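Secondary and tertiary structure notes
Okay, here's what each chain looks like letter by letter:
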Amino acid sequence: MSNPYDAMWEKLNLDLEAHAGLLEVLGKFYGDIYMSQQGRLRGMEYLDFVLSEVHGLRIKELQDAKASGKKVIGTFCIFVPEEIVLAAGGIQVGLCAGAEIGKDEAEKVLPRNTCALIKSFVGFKLSRLCPFIESCDLIVGETTCDGKKKAYEIFSDYSPVYVMEIPQMKNACDRDLWKSEVLRFKSKVEEITGNKITAAALRDAIHLVNERRRVLQRLNRLRAAVPTPISGRDVLLINQISFYDDPVRFTSKIGELCDELEERVKSGEGIVPEGTVRLMLSGCPMAVPNWKLPYIVESSGAVVVGEESCIGTRNTRDLVEEGGSTVDGMVDAIVDRYMRIDCACFTPNTERMENIVDMARELEVKGVIHYALSFCQPYSMEAYKVEKALSNAGIPMLAIETDYSMEDVEQLKTRVEAFVEMTR
Ligand code: BJ8
C-alpha cells in the first residue's frame, strides 16, 4: 500500500520497500510496548503522534525548512552544542539509532564486535532507511569512543561528516582544547549556514535549549513522586523525542504534560500497584526504538524512575549560564556547561560515580540496573566502578550487557526478575 510520503522518501533516496517494512515493525513494536500501558497521561497522545509521524511530518518540516534556506545538522552525541546551530539559524537533529534492521549491511564495513548503536546508524545509512540522515546538510561526529571515531571515517565515504575533538580528561588544557573545538565548530556552522552568529541570536539559543532542559528537569522532579505517576517507558520516549522535535513546540507540549502530571501527583494517583519496586537505569543511551530493557523491567514487578544516561539526565542536568552579553562570554558559558558531561569516555570519571549515587539516593530507588551495549568498552568497564560506588552507598546494582536483538529477552527477564525480588 502506498504512503502519502512516498514521493518525499523517494526523493531522499530511501529504499521504499525496506523502509515500509521498518515502519510496520516499528508500529507493531510501539503498539505492544506503549499502547498496552494503562493509565497513561493524556499528554502522551502528543508523543504518540510525533512518533507515528517521525519519518513523515517531521521530515516534511525539515524539507520545508531546507527549501526556505535553513540547514539541517545531524549529530550522534550530546557534546555537540545545539546552541551554536540554533544561533546560526540551523536545525539540529539527533541521529543515534536503536534498531538492528541495517545490521547485515553495517557488518559488511564494520567488525562484528562493534556496539549496536554504531552498527545501527551505519546500517541505516547503507540500507537507505533513515530520512533524517538523508535530510542533513552536515553530519557531526565526535572523538568520544574509538568505535564511533573510526566509524565516522567510514561514514564520511557516504555523507558529509565533520568531526569535533572531545577531550578525554578535565584539566585546564582539556578545557582549552574544548574551547578551541567549540570555536572551530562555530566557524564551520557559520560557513554552512551562511549566517554569522550574533550575541543576540546566541543569547536566544542558549535560553531556548535551557528551556527545553528545564521542562525535562521538571518532568524528572514530578516523576520521582511516590506513588510513581508515569512509567519509565513514557519518560524515556519523551527524552528520545527531545532530540528530533522542534524545540519550541516540544517544550510547550511537555510543559502541558507536566501540568497534567502535577495534578496527578497532587491527587496521589500512581500508575503502578503498591509495592512495585523503584529502580533506576544507568549507562549507555537508548535511542528510538530501543525500549527493550525498560519494557522488561516494567513487566517484572518494577518501575523505572530515572535514567542516568545521555537520553536522560546526563543531557538535561546542567544548564548553560544565562546573562552573557558578548559572543565570547557566551561561548565560555557553553564550554563550561559541556565540560560537565560525565560520559564514560572521560578518565577518571569520578563525577559520574557521584552523580549516580546522588541520583539513586534522591529517587529512593531499591537498586540500579547498569546497562552497557555489548562491545561498548567505556560503559562496560566503568560498570565495575559504578558498582563499587553504589555498594559503598548500600545500593545494589545489576550489570547488564546486551544489544538490539530480541534473542536474549527471556534470559534478561529472568535476571531482572531475580534482581527485583532480591531488592524487595
Ligand atoms: S556523551 S555516552 S552520546 S559518546 S554505546 S557508541 S560509547 S561503544 S554513545 Fe555517547 Fe556522547 Fe558519551 Fe553520551 Fe561508543 Fe559505547 Fe557504542 Fe556509545
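One structure accompanies this document, and this report is about it. What you see is a predicted model, and the numbers here were worked out from it, not measured in a lab. (Residues numbered from 1 in each chain as written. Predicted model: local features only at pLDDT ≥ 70, side-chain atom pairs only at ≥ 80, totals over all residues. Heavy atoms only, no water.)

**Observations concerning the overall build of the chain**
Defined as follows: Labels follow the DSSP assignment, with helices taken as runs of H or I lasting at least four residues and strands as runs of E lasting at least two, numbered in each case from the N terminus. Atoms counted for the radius of gyration: C-alpha only. Globule rule: 2.2 Å times residue count to the power 0.38. Only heavy atoms matter for contacts: two residues are in contact if any of them lie within 4.5 Å across the pair.
In terms of regular secondary structure, the chain is built from 19 helices and 8 strands. For the chain, whose C-alpha radius of gyration is 21 Å, the value lies close to the compact-globule estimate of 22 Å for 424 residues. Expressed along its principal axes, the backbone C-alpha trace of the chain runs to roughly 60 × 55 × 45 Å. Pairs at least 24 residues apart make up 75% of the contacts formed inside the chain by residues separated by at least 6 positions.

**A look at the packing of aromatic side chains**
Each aromatic ring pair is described using two quantities: the centre-to-centre distance and the angle formed by the ring planes. Operational definition: Whether two aromatic rings pair depends on their centres lying within 6.5 Å, for rings of Phe, Tyr and Trp, where Trp uses its six-membered ring; planes under 30 degrees apart make the pair stacked, over 60 edge-to-face, and the rest tilted. Relative accessible area decides the class of each residue, using a 1.4 Å probe on protein chains only: under 20% of the type maximum gives buried, over 50% gives exposed, and in between gives partly exposed. Geometrically, a charge over a ring is one whose NZ (Lys) or CZ (Arg) sits within 6 Å of the ring centre while staying within 35 degrees of the ring normal.
This model, assessed by the stated rule, comprises 14 aromatic pairs. Centre to centre, the rings of Phe79 and Phe346 are 5.9 Å apart; their planes meet at 35°, and the pair counts as tilted. With Phe79 in the loop between β1 (72–75) and α5 (82–87) and Phe346 in the loop between α16 (327–339) and α17 (350–362), this pair connects stretches of sequence that are 267 residues apart. Grouping residues by exposure puts Phe79 and Phe346 together as buried. A centroid spacing of 6.0 Å and a plane angle of 15° characterise the contact between Phe121 and Tyr152, whose relative ring orientation is stacked. Note that Phe121 is positioned in helix α7 (residues 116–126) and Tyr152 in helix α9 (residues 146–155), a separation of 31 residues in sequence. Residue classification places Phe121 among the buried residues on the basis of a relative accessible area of 0%. One aromatic cluster is present, built from ring pairs that chain together Phe29, Tyr30, Tyr34 and Trp291. In this structure, Lys170 packs its charged tip against the face of Phe346, placed 4.4 Å from the ring centre. For the cation-ring pair, Arg337 lies above Tyr338, with the distance from its terminal atom to the ring centre recorded as 4.6 Å.

**Points about the pairing of strand β4 (residues 161–164)**
The cut-off we apply is this: When DSSP finds two or more bridges between two strands, those strands count as paired. When the strands point away from the viewer, a crossover counts as right-handed if the path from the first strand over the helix to the second runs clockwise.
Burial along β4 is one-sided: Tyr162 and Met164 are buried, while Val161 and Val163, pointing the other way, are not. Here strand β3 (residues 138–142) pairs with β4 via 4 bridges, running parallel. Its bridge partner lying in β4, Glu142 is registered against Met164. Handedness of the crossover joining β3 and β4 through α9: right-handed.

**Describing the site of the ligand**
Applicable threshold: Being near a molecule or strand, for a residue, comes down to having at least one heavy atom within 4 Å of it. Charged residues are taken to be Asp, Glu, Lys and Arg, nonpolar residues to be Ala, Val, Leu, Ile, Met, Phe, Trp, Tyr, Cys and Pro, and polar residues to be all remaining types, Gly included.
Around the ligand lies a shell of 15 residues, among which Cys115, Cys145, Cys310, Cys343 and Cys376 are the nearest. Of the residues assigned to the shell around the ligand, the class counts are 13 nonpolar, 1 polar and 1 charged.

**Brief notes about the pairing of strand β5 (residues 277–283)**
Looking along a regular strand, one sees the side chains alternate between the two faces of the sheet. The buried fraction of β5 amounts to 7 of the 7 residues, a majority that puts the element mostly inside the structure. Of the two faces of β5, the one holding Val277, Leu279, Leu281 and Gly283 and the one holding Arg278, Met280 and Ser282 are both buried throughout. Across 6 bridges, β5 lies against strand β6 (residues 302–308) in parallel orientation. Residue pairing for β6: Val277 is matched across the bridge by Ala302.

**Re the side chain of Lys125**
Our working definition: Under this definition, polar contacts are N or O atom pairs within 3.5 Å; protein pairs additionally need one hydrogen-donor-capable and one acceptor-capable atom, and for neighbouring residues in sequence, both atoms have to be side-chain atoms.
Here Lys125 shows up in helix α7. Reaching out from Lys125, the side chain makes a polar contact with the side chain of Ser159 at a distance of 3.2 Å. Filtering out sequence-adjacent residues up to four positions away, Lys125 remains in contact with Ile133, Glu134, Phe155, Tyr158 and Ser159.

**Here we look at the sheet that holds strand β7 (residues 367–373)**
Across a sheet, paired strands are connected by hydrogen bonds in the backbone, their directions being either parallel or antiparallel. Where we set the bar: Angular values range over 0 to 180 degrees, each being the angle between N-to-C directions of two axes fitted as lines to C-alpha atoms, with helices fitted over their stretch in contact.
The strand order across the open sheet formed by 4 strands is β6-β5-β7-β8, and the pairing between neighbours is parallel. Across the chains shown, the open sheet's two edge strands, defined by having one partner strand only, are β6 and β8 (397–402). Here the strands of the sheet are splayed against their neighbours by 30° on average, with no regard to which way each runs. Those strands touched by helix α18 (residues 377–392) are β5, β7 and β8, and its axis lies near 170° from that of β7.

**A short note on the nonpolar core**
Put simply, the rule reads: Remark: nonpolar core denotes a set of buried residues (Ala, Val, Leu, Ile, Met, Phe, Trp, Tyr, Cys) joined through side-chain atoms within 4.5 Å.
Counting residues in hydrophobic clusters, the biggest one holds 131 residues, and the most contacted among them are Ile238, Trp291 and Ile369. Per-element tally for this core: the top contributor is helix α11 (residues 199–223), with 8 residues. Filtering out sequence-adjacent residues up to four positions away, Trp291 remains in contact with Leu26, Phe29, Tyr30, Ile33, Tyr34, Leu51, Leu236, Leu237 and Gln240. Grouped together as the second largest cluster of nonpolar side chains are 17 residues, Met353, Ala360, Val365 and Val368 included.

**Let's talk about the sheet that holds β3**
The strand order across the open sheet formed by 4 strands is β2-β1-β3-β4, and the pairing between neighbours is parallel. What marks the edges here is a single partner per strand, and that holds for β2 (91–94) and β4. Across the sheet, the mean angle from the axis of one strand to that of its neighbour is 30°, orientation sign disregarded. As paired elements, β1 and β3 share 3 bridges and run parallel to each other. When the sheet's bridge partners are listed, Ile73 is paired in β3 with Leu138. Sitting on the sheet, α9 touches β3 and β4, and the angle it makes with β3 is about 155°. Here helix α10 (residues 172–193) sits on the sheet in contact with β1, β3 and β4, set at roughly 160° to β4.

**Here's the deal with the state of the cysteines**
The cut-off we apply is this: The disulfide criterion is simple: two cysteine sulfur atoms within 2.5 Å.
Inspection of every chain in the model, using the stated rule, returns 0 disulfides. Counting only cysteine sulfurs, Cys136 is the nearest neighbor of Cys130, a cysteine outside any disulfide, at a range of 7.8 Å. Cys130 sits in the buried class, given a relative accessible area of 8%.

**Some points on the pattern of salt bridges**
Our working definition: When a carboxyl oxygen of Asp or Glu lies within 4 Å of a side-chain nitrogen of Lys or Arg, that pair is called a salt bridge.
For the coordinates displayed, the defined rule picks out 46 salt bridges. Across the pair Glu134 and Lys125 runs a salt bridge, and its minimum N-O distance is 3.2 Å. On the accessibility criterion, Lys125 (11% relative accessible area) is buried. Across the pair Asp336 and Arg175 runs a salt bridge, and its minimum N-O distance is 2.7 Å. In this pair, Asp336 sits in helix α16 while Arg175 sits in helix α10, placing the two residues 161 residues apart along the sequence.

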